[in-house]
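Here is how the chains run, residue by residue.
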Amino acid sequence: MASKVCAAICQLRVTADKKANLARAGELIRLARDQGAELVVLSEMFVCPYANHLFPLYAESFPAGEALSFLSSVAREERIYLVGGSLPEKEGDYLYNTSFVFDPEGKLIARYRKIHLFDVDLPHLRYRESEVFQPGKEVVVFPTPWGKVGLAICFDLRFPSLFREMVRRGAKIIAVPAAYNLITGPAHWELLVRSRALDNQAYLLGAAPARDYSAPYVAFGHSLIVSPWAEVLARAGAGEEVLTVTLDLDYLERVRRELPVLIKD
Ligand SMILES: NC(=O)CC(=O)C(=O)O
């Protein structure tokens, strides 16, 4: 098992033009690859604006769909493990907020459906993802040459037991495509990503979209890569950016050995 992996987050500006979003994602993924990335993570809903009335219009059913075939091709061409953020997935009559993961052959190796849907009633933000999406039911971790990688999406970050279950199943790196906003982002985003890294002694890859004040839902940005010691190894600003960091799995084992909290839980 290789002990080091160069991981990247592509923080891109999402528009209403699906083709343009895919083209831009391709450019940033290639930039990440040029910087040595072997594992790349995109944000939640990287193909469409975050808005309930739009999700059905952009939905895809595996294996068909422009975004799904894009993700598979770019993973194969760039020889990377690609966590394709999330996109609206249609199966039968139901829609899910789903993250699809492709290996360097372009093969689908994992699919995670957001379990905790974003239903909130804040003074300046009411959102009900459950009006369009069904919640997922399955915890997902997938194998890579560097160990197991777990998956969560955005609001899931607020539910520590999901992360602990991924770690029980062997996750050492957890990818979290997300889209926090200007209310909860400044208050909670970094705190949550660092907390989940700290209590699970895992690398956390929190991938956000770039901020766009003209969007129906304004994302906070500030993608983060955090170590098993809960240090921020890379932090994006609000605009488009590629973050790359080499994750050291021997360091993770050292943290888990020296501060043995997981085995006592
Ligand atoms: N958009 C989400 O799913 C979550 C979020 O913005 C928050 O928890 O705050």
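Everything numeric here is computed off the predicted structure, so don't read it as measured data. (Residues numbered from 1 in each chain as written. Predicted model: local features only at pLDDT ≥ 70, side-chain atom pairs only at ≥ 80, totals over all residues.)

Among the structural elements, G65 can be located in the loop between α2 (55-58) and α3 (66-78). Residue class for G65 comes out partly exposed when judged on the 19 C-beta atoms lying within 10 Å of it. When the C-alpha positions of G65 and E89 are compared, they lie 9.8 Å apart, and in sequence the two are 24 residues distant. (Helix = DSSP H or I, 4+ residues; strand = E, 2+ residues; numbered from the N terminus. Buried ≥ 20, exposed ≤ 12 C-beta atoms within 10 Å, placed from the backbone.)

Judged by nonpolar contacts, the single largest core of 84 residues is most densely connected at C10, V40, L82, I174, V176 and L205. By residue number, the principal contributor to this core is α3, which donates six residues. Once you skip the residues sitting within four places of it in the chain, I174 turns out to touch G150, A152, F163, M166, R196, A202 and L204. (Core = buried A, V, L, I, M, F, W, Y, C linked by C-beta atoms within 7 Å. Contact = placed C-beta atoms within 7 Å.)

To continue, consider the UniProt feature "domain: CN hydrolase" (unreviewed entry) in the protein chain. Annotation from UniProt places "domain: CN hydrolase" (unreviewed entry) at residues 5-249. Along residues 5-249 the backbone is 25% helical and 31% strand, and the end-to-end C-alpha distance reaches 8 Å. (UniProt positions renumbered as here; feature names shortened; annotations may be inferred.)

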